[in-house]
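Reading the structure
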Amino acid sequence: MIKNAILFALPGNETLAASLAAKLNIASGVLTIREFPDSESYVRIDSDVRDKNPILVCGLDHPNNKILTLMFAAQTMKEFGANKICLISPYLPYMRQDKRFKSGEAVSAVLFARYLSGWIDHLITIDPHLHRIKRLADLYTIESSIALHAITKMADWIKKNVLSPIIVGPDEESEQWVAEVARLASAPYIVSKKTRYGDRDVSVDLPVISDHANTPVLVDDIISTGMSMAATILQLRSRGFSEPVCVGVHALFTDDVYQHLINAGAKKIVTCNTILHPTNQIDITDIIVAAIKQM
Ligand code: R5P
(Lines give C-alpha, C1' and ligand atoms only; values in the text may rest on other atoms or scores of the structure.)
Protein backbone atom coordinates (compact mmCIF):
# COMPACT_ATOMS: atom_id res chain seq x y z
CA MET A 1 0.00 0.00 0.00
CA ILE A 2 1.28 3.50 -0.85
CA LYS A 3 2.55 5.20 2.33
CA ASN A 4 1.57 8.80 3.16
CA ALA A 5 -0.94 8.83 0.33
CA ILE A 6 -3.37 11.67 -0.28
CA LEU A 7 -6.01 11.28 -2.95
CA PHE A 8 -7.18 14.08 -5.26
CA ALA A 9 -10.06 14.03 -7.75
CA LEU A 10 -9.65 16.04 -10.91
CA PRO A 11 -13.00 17.45 -12.13
CA GLY A 12 -15.44 14.74 -13.20
CA ASN A 13 -13.69 12.01 -11.22
CA GLU A 14 -15.23 12.69 -7.81
CA THR A 15 -17.31 9.49 -7.59
CA LEU A 16 -14.44 7.09 -8.30
CA ALA A 17 -12.06 9.11 -6.08
CA ALA A 18 -14.50 9.12 -3.13
CA SER A 19 -15.05 5.40 -3.50
CA LEU A 20 -11.29 4.70 -3.62
CA ALA A 21 -10.62 6.96 -0.62
CA ALA A 22 -13.30 5.17 1.41
CA LYS A 23 -12.28 1.64 0.43
CA LEU A 24 -8.57 2.32 0.98
CA ASN A 25 -8.99 4.60 3.99
CA ILE A 26 -6.86 7.29 2.34
CA ALA A 27 -7.30 11.00 3.14
CA SER A 28 -8.80 13.13 0.39
CA GLY A 29 -7.06 16.33 -0.65
CA VAL A 30 -8.63 19.49 -2.01
CA LEU A 31 -7.87 21.09 -5.36
CA THR A 32 -9.37 24.23 -6.83
CA ILE A 33 -9.62 24.10 -10.58
CA ARG A 34 -11.49 26.57 -12.69
CA GLU A 35 -11.37 28.24 -16.06
CA PHE A 36 -10.40 31.85 -16.60
CA PRO A 37 -12.78 33.72 -18.94
CA ASP A 38 -10.38 33.06 -21.83
CA SER A 39 -10.53 29.28 -21.18
CA GLU A 40 -7.06 29.06 -19.64
CA SER A 41 -6.89 26.84 -16.54
CA TYR A 42 -6.50 28.01 -12.93
CA VAL A 43 -5.15 25.36 -10.54
CA ARG A 44 -4.57 25.68 -6.78
CA ILE A 45 -3.49 22.95 -4.35
CA ASP A 46 -5.44 23.53 -1.12
CA SER A 47 -4.02 20.61 0.90
CA ASP A 48 -0.55 20.09 2.33
CA VAL A 49 1.31 17.65 0.09
CA ARG A 50 4.83 18.00 1.57
CA ASP A 51 6.48 14.56 1.86
CA LYS A 52 3.23 12.92 0.78
CA ASN A 53 2.51 10.70 -2.19
CA PRO A 54 -0.43 12.23 -4.06
CA ILE A 55 -2.74 9.91 -6.00
CA LEU A 56 -4.45 11.87 -8.76
CA VAL A 57 -7.67 10.38 -10.14
CA CYS A 58 -8.15 11.71 -13.64
CA GLY A 59 -9.80 9.72 -16.41
CA LEU A 60 -8.16 10.90 -19.63
CA ASP A 61 -10.86 10.23 -22.20
CA HIS A 62 -11.10 13.38 -24.40
CA PRO A 63 -7.58 14.11 -23.15
CA ASN A 64 -6.76 17.37 -24.88
CA ASN A 65 -9.04 19.33 -22.57
CA LYS A 66 -7.73 17.68 -19.41
CA ILE A 67 -4.04 17.05 -19.77
CA LEU A 68 -2.70 20.57 -19.13
CA THR A 69 -4.74 20.98 -15.95
CA LEU A 70 -3.49 17.62 -14.75
CA MET A 71 0.10 18.58 -15.51
CA PHE A 72 -0.28 21.93 -13.66
CA ALA A 73 -1.63 20.07 -10.60
CA ALA A 74 1.07 17.37 -10.63
CA GLN A 75 3.98 19.77 -11.16
CA THR A 76 2.70 22.22 -8.54
CA MET A 77 2.43 19.40 -6.01
CA LYS A 78 6.07 18.55 -6.70
CA GLU A 79 6.99 22.24 -6.17
CA PHE A 80 5.27 22.03 -2.78
CA GLY A 81 7.36 19.03 -1.73
CA ALA A 82 5.22 16.08 -2.84
CA ASN A 83 7.19 12.90 -3.14
CA LYS A 84 5.85 10.56 -5.88
CA ILE A 85 2.82 11.25 -8.05
CA CYS A 86 0.55 8.31 -8.91
CA LEU A 87 -1.95 8.86 -11.72
CA ILE A 88 -5.07 6.71 -11.90
CA SER A 89 -6.59 7.06 -15.33
CA PRO A 90 -9.00 4.17 -15.89
CA TYR A 91 -8.93 4.92 -19.64
CA LEU A 92 -5.53 5.61 -21.14
CA PRO A 93 -5.76 7.65 -24.38
CA TYR A 94 -3.52 7.90 -27.43
CA MET A 95 -2.75 4.18 -27.49
CA ARG A 96 -4.14 3.36 -30.93
CA GLN A 97 -1.75 5.49 -33.03
CA ASP A 98 1.08 3.17 -32.06
CA LYS A 99 2.91 3.29 -35.37
CA ARG A 100 3.38 5.53 -38.38
CA PHE A 101 0.69 4.14 -40.69
CA LYS A 102 1.40 6.82 -43.32
CA SER A 103 4.58 8.81 -43.76
CA GLY A 104 4.66 12.07 -41.84
CA GLU A 105 2.26 10.95 -39.09
CA ALA A 106 3.00 11.58 -35.41
CA VAL A 107 3.23 8.35 -33.40
CA SER A 108 1.11 9.81 -30.64
CA ALA A 109 1.28 6.73 -28.36
CA VAL A 110 5.02 7.33 -27.94
CA LEU A 111 4.83 11.13 -27.71
CA PHE A 112 1.97 11.14 -25.21
CA ALA A 113 3.74 8.57 -23.02
CA ARG A 114 6.96 10.60 -23.15
CA TYR A 115 5.05 13.72 -22.09
CA LEU A 116 3.28 12.04 -19.15
CA SER A 117 6.47 10.27 -18.09
CA GLY A 118 8.02 13.69 -17.51
CA TRP A 119 5.89 14.43 -14.46
CA ILE A 120 4.26 11.28 -13.06
CA ASP A 121 5.96 8.43 -11.21
CA HIS A 122 3.30 5.73 -11.21
CA LEU A 123 0.44 5.00 -13.59
CA ILE A 124 -2.54 2.72 -13.02
CA THR A 125 -4.95 2.10 -15.86
CA ILE A 126 -7.43 -0.51 -17.10
CA ASP A 127 -7.06 -2.42 -20.37
CA PRO A 128 -4.91 0.05 -22.29
CA HIS A 129 -4.99 -0.67 -26.03
CA LEU A 130 -1.76 -2.66 -26.20
CA HIS A 131 -1.50 -4.00 -29.70
CA ARG A 132 1.77 -3.54 -31.58
CA ILE A 133 3.35 -2.24 -28.36
CA LYS A 134 3.06 -5.10 -25.89
CA ARG A 135 3.74 -3.53 -22.50
CA LEU A 136 3.17 -0.10 -20.95
CA ALA A 137 6.77 -0.26 -19.73
CA ASP A 138 7.86 -0.13 -23.40
CA LEU A 139 6.25 3.32 -23.60
CA TYR A 140 6.29 4.81 -20.10
CA THR A 141 9.69 5.51 -18.58
CA ILE A 142 8.40 5.79 -15.00
CA GLU A 143 8.76 3.75 -11.80
CA SER A 144 5.69 1.66 -12.42
CA SER A 145 3.00 1.50 -15.09
CA ILE A 146 0.26 -0.96 -14.22
CA ALA A 147 -2.22 -2.27 -16.76
CA LEU A 148 -5.18 -3.87 -14.98
CA HIS A 149 -7.80 -5.99 -16.70
CA ALA A 150 -11.59 -5.95 -16.63
CA ILE A 151 -11.77 -9.44 -18.16
CA THR A 152 -12.92 -11.26 -15.01
CA LYS A 153 -15.60 -8.66 -14.30
CA MET A 154 -16.85 -8.83 -17.89
CA ALA A 155 -16.96 -12.63 -17.82
CA ASP A 156 -18.87 -12.53 -14.50
CA TRP A 157 -21.42 -10.14 -15.98
CA ILE A 158 -21.88 -12.37 -19.04
CA LYS A 159 -22.27 -15.51 -16.90
CA LYS A 160 -24.96 -13.82 -14.78
CA ASN A 161 -26.86 -12.14 -17.60
CA VAL A 162 -26.59 -14.11 -20.85
CA LEU A 163 -27.89 -17.61 -21.42
CA SER A 164 -25.69 -19.79 -23.72
CA PRO A 165 -23.37 -17.03 -24.92
CA ILE A 166 -20.91 -17.20 -27.79
CA ILE A 167 -18.24 -14.53 -27.40
CA VAL A 168 -17.47 -12.57 -30.57
CA GLY A 169 -14.40 -10.38 -31.15
CA PRO A 170 -14.68 -7.78 -33.90
CA ASP A 171 -11.03 -7.99 -34.94
CA GLU A 172 -7.93 -10.15 -34.57
CA GLU A 173 -6.34 -7.93 -31.93
CA SER A 174 -9.39 -8.50 -29.69
CA GLU A 175 -8.58 -12.22 -29.49
CA GLN A 176 -6.27 -11.61 -26.49
CA TRP A 177 -9.21 -10.67 -24.21
CA VAL A 178 -12.04 -12.43 -26.11
CA ALA A 179 -10.38 -15.83 -25.63
CA GLU A 180 -9.91 -15.21 -21.91
CA VAL A 181 -13.45 -13.87 -21.38
CA ALA A 182 -14.78 -16.94 -23.20
CA ARG A 183 -12.69 -19.28 -21.04
CA LEU A 184 -13.88 -17.62 -17.82
CA ALA A 185 -17.50 -17.58 -18.99
CA SER A 186 -17.21 -21.23 -20.17
CA ALA A 187 -18.39 -20.16 -23.63
CA PRO A 188 -17.15 -20.71 -27.19
CA TYR A 189 -15.73 -17.76 -29.14
CA ILE A 190 -15.12 -16.55 -32.67
CA VAL A 191 -13.05 -13.64 -33.92
CA SER A 192 -13.72 -11.60 -37.02
CA LYS A 193 -11.24 -10.11 -39.50
CA LYS A 194 -11.63 -6.33 -39.62
CA THR A 195 -10.50 -3.93 -42.30
CA ARG A 196 -10.48 -0.25 -41.45
CA TYR A 197 -10.72 2.16 -44.38
CA GLY A 198 -11.21 5.31 -42.30
CA ASP A 199 -12.27 6.59 -38.84
CA ARG A 200 -15.91 5.66 -39.49
CA ASP A 201 -15.52 3.10 -42.23
CA VAL A 202 -14.82 -0.55 -41.35
CA SER A 203 -15.79 -3.92 -42.73
CA VAL A 204 -15.71 -7.24 -40.88
CA ASP A 205 -15.55 -10.83 -41.99
CA LEU A 206 -16.72 -13.42 -39.46
CA PRO A 207 -15.81 -17.10 -39.78
CA VAL A 208 -18.73 -19.23 -40.94
CA ILE A 209 -20.16 -21.49 -38.22
CA SER A 210 -23.15 -23.77 -38.62
CA ASP A 211 -24.68 -23.49 -35.12
CA HIS A 212 -26.51 -20.19 -34.54
CA ALA A 213 -28.30 -21.17 -31.34
CA ASN A 214 -26.08 -19.25 -28.88
CA THR A 215 -26.57 -15.58 -28.01
CA PRO A 216 -23.71 -13.58 -29.51
CA VAL A 217 -21.86 -11.35 -27.04
CA LEU A 218 -19.58 -8.85 -28.75
CA VAL A 219 -16.58 -7.99 -26.60
CA ASP A 220 -14.16 -5.15 -27.33
CA ASP A 221 -11.88 -2.87 -25.36
CA ILE A 222 -13.08 0.42 -26.86
CA ILE A 223 -16.42 1.50 -28.30
CA SER A 224 -15.70 4.82 -30.00
CA THR A 225 -17.64 5.46 -33.23
CA GLY A 226 -19.29 2.05 -32.73
CA MET A 227 -18.56 1.18 -36.36
CA SER A 228 -16.61 -2.00 -35.46
CA MET A 229 -19.49 -3.30 -33.35
CA ALA A 230 -22.21 -2.15 -35.77
CA ALA A 231 -20.56 -3.93 -38.73
CA THR A 232 -20.22 -7.12 -36.63
CA ILE A 233 -23.84 -6.93 -35.45
CA LEU A 234 -25.10 -6.59 -39.05
CA GLN A 235 -23.07 -9.59 -40.17
CA LEU A 236 -24.21 -11.72 -37.22
CA ARG A 237 -27.85 -10.85 -37.94
CA SER A 238 -27.45 -11.63 -41.65
CA ARG A 239 -26.07 -15.06 -40.66
CA GLY A 240 -29.18 -15.86 -38.60
CA PHE A 241 -27.90 -15.16 -35.06
CA SER A 242 -30.23 -13.63 -32.47
CA GLU A 243 -29.80 -9.97 -31.40
CA PRO A 244 -26.30 -9.59 -29.91
CA VAL A 245 -25.34 -8.17 -26.53
CA CYS A 246 -22.43 -5.67 -26.75
CA VAL A 247 -19.92 -5.53 -23.90
CA GLY A 248 -17.14 -2.92 -24.00
CA VAL A 249 -14.56 -1.79 -21.50
CA HIS A 250 -14.27 1.90 -22.42
CA ALA A 251 -17.41 3.80 -23.45
CA LEU A 252 -15.93 6.60 -25.55
CA PHE A 253 -19.23 6.73 -27.48
CA THR A 254 -18.70 9.53 -29.97
CA ASP A 255 -21.86 10.96 -31.58
CA ASP A 256 -25.06 8.94 -31.14
CA VAL A 257 -23.36 5.56 -30.91
CA TYR A 258 -25.83 4.03 -28.48
CA GLN A 259 -28.76 4.56 -30.85
CA HIS A 260 -26.67 3.52 -33.83
CA LEU A 261 -25.89 0.15 -32.22
CA ILE A 262 -29.52 -0.39 -31.20
CA ASN A 263 -30.62 0.46 -34.77
CA ALA A 264 -28.05 -2.02 -36.12
CA GLY A 265 -29.72 -4.74 -34.02
CA ALA A 266 -28.02 -4.81 -30.60
CA LYS A 267 -30.21 -6.15 -27.81
CA LYS A 268 -28.25 -4.51 -25.00
CA ILE A 269 -25.06 -2.46 -24.61
CA VAL A 270 -23.05 -2.71 -21.43
CA THR A 271 -19.73 -1.08 -20.46
CA CYS A 272 -17.33 -0.83 -17.52
CA ASN A 273 -17.25 2.39 -15.50
CA THR A 274 -13.78 3.39 -16.72
CA ILE A 275 -15.54 6.30 -18.49
CA LEU A 276 -18.82 7.50 -16.99
CA HIS A 277 -21.73 6.62 -19.28
CA PRO A 278 -25.35 5.46 -18.84
CA THR A 279 -24.33 2.00 -20.17
CA ASN A 280 -21.91 1.42 -17.22
CA GLN A 281 -23.00 -1.79 -15.53
CA ILE A 282 -19.66 -3.38 -14.71
CA ASP A 283 -17.87 -1.80 -11.76
CA ILE A 284 -14.07 -1.89 -11.89
CA THR A 285 -13.38 0.04 -8.66
CA ASP A 286 -12.32 -3.08 -6.75
CA ILE A 287 -9.67 -3.91 -9.35
CA ILE A 288 -8.03 -0.52 -8.75
CA VAL A 289 -8.37 -0.87 -4.97
CA ALA A 290 -6.57 -4.24 -5.09
CA ALA A 291 -3.78 -2.79 -7.25
CA ILE A 292 -3.16 0.16 -4.88
CA LYS A 293 -3.10 -2.19 -1.89
CA GLN A 294 -0.34 -4.16 -3.57
CA MET A 295 1.85 -1.14 -4.37
C1 R5P B 1 -9.43 -1.31 -32.29
O2 R5P B 1 -8.41 -1.00 -32.65
C3 R5P B 1 -10.09 -1.25 -30.95
O4 R5P B 1 -9.86 -2.44 -30.25
C5 R5P B 1 -11.57 -1.05 -31.14
O6 R5P B 1 -12.08 -2.12 -31.92
C7 R5P B 1 -11.84 0.25 -31.85
O8 R5P B 1 -11.17 1.29 -31.22
C9 R5P B 1 -13.31 0.54 -31.89
O10 R5P B 1 -13.48 1.73 -32.55
P11 R5P B 1 -14.85 2.11 -33.21
O12 R5P B 1 -15.92 2.00 -32.15
O13 R5P B 1 -14.64 3.54 -33.65
O14 R5P B 1 -15.09 1.19 -34.36
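The notes below deal with the structure included here. Small disclaimer: the values here were computed from a predicted structure and weren't measured.

Once that is clear, we can look at the sheet that holds strand β2 (residues 27–28). Pairing in this open sheet of six strands is parallel, and the strands run β2-β1-β5-β6-β7-β8 from one edge to the other. On the outer flanks of this sheet lie β2 and β8 (144–148), each paired with one strand and no other. Where strand β6 (residues 86–88) lies against strand β7 (residues 122–126), three bridges are found, and the strand directions are parallel. Looking at the pairing, Cys86 lines up with His122 of β7. Packing against the sheet, helix α2 (residues 67–79) makes contact with β1 (5–9), β5 (53–57) and β6, and its axis sits at approximately 175° to β5. The sheet strands contacting helix α8 (residues 285–294) are β5, β6, β7 and β8, and the helix crosses β8 at an angle near 150°.

Further remarks concern a nonpolar patch on the surface. A surface patch of nonpolar side chains, amounting to about 250 Å² of accessible area, comprises Leu68, Phe72 and Tyr115. When you line up the elements, Tyr115 lands in helix α3 (residues 108–117). Taking the relative accessible area as the measure of exposure, Tyr115 reaches 33% and is therefore partly exposed.

Counted by the stated rule, this structure contains 10 salt bridges. Asp171 is the partner of Lys194 in a salt bridge, and the nearest nitrogen-oxygen pair spans 2.9 Å. Here Lys194 is found in strand β11 (residues 193–198), whereas its partner Asp171 is found in the loop between β9 (165–169) and α5 (175–184), with 23 residues between them in sequence. By relative accessible area, Lys194 is classed as partly exposed at 23%. For Glu180, the salt bridge goes to Arg183, with nearest N and O atoms at 2.8 Å.

Moving on, we come to the sheet that holds strand β16 (residues 280–282). Read from one edge to the other, the open sheet built from six strands follows the order β10-β9-β13-β14-β15-β16, with strand pairing classed as parallel. Edge positions in the sheet fall to β10 (189–191) and β16, since each of these pairs with one other strand and no more. Within this sheet the neighbouring strands show an average axis-to-axis angle of 35°, counted without direction. Pairing between strand β14 (residues 245–251) and strand β15 (residues 268–272): four bridges, direction parallel. Residue pairing for β15: Cys246 is matched across the bridge by Ile269.

Calculation rules
- Residues numbered from 1 in each chain as written.
- Predicted model: local features only at pLDDT ≥ 70, side-chain atom pairs only at ≥ 80, totals over all residues.
- Heavy atoms only, no water.
- Pairing = 2+ DSSP bridges.
- Helix = DSSP H or I, 4+ residues; strand = E, 2+ residues; numbered from the N terminus.
- Contact = heavy atoms within 4.5 Å.
- Axes fitted to C-alpha atoms, helices over the stretch in contact; angles between N-to-C directions.
- Patch = residues over 30% accessible without salt bridge, like charges linked within 9 Å, V, L, I, M, F, W, Y side chains within 5 Å.
- Areas by Shrake-Rupley, 256 points an atom, 1.4 Å probe, with all protein chains shown as cover.
- Salt bridge = Lys/Arg side-chain N within 4 Å of Asp/Glu carboxyl O.
- Buried < 20%, exposed > 50% of the residue type's maximum accessible area, 1.4 Å probe, protein only.

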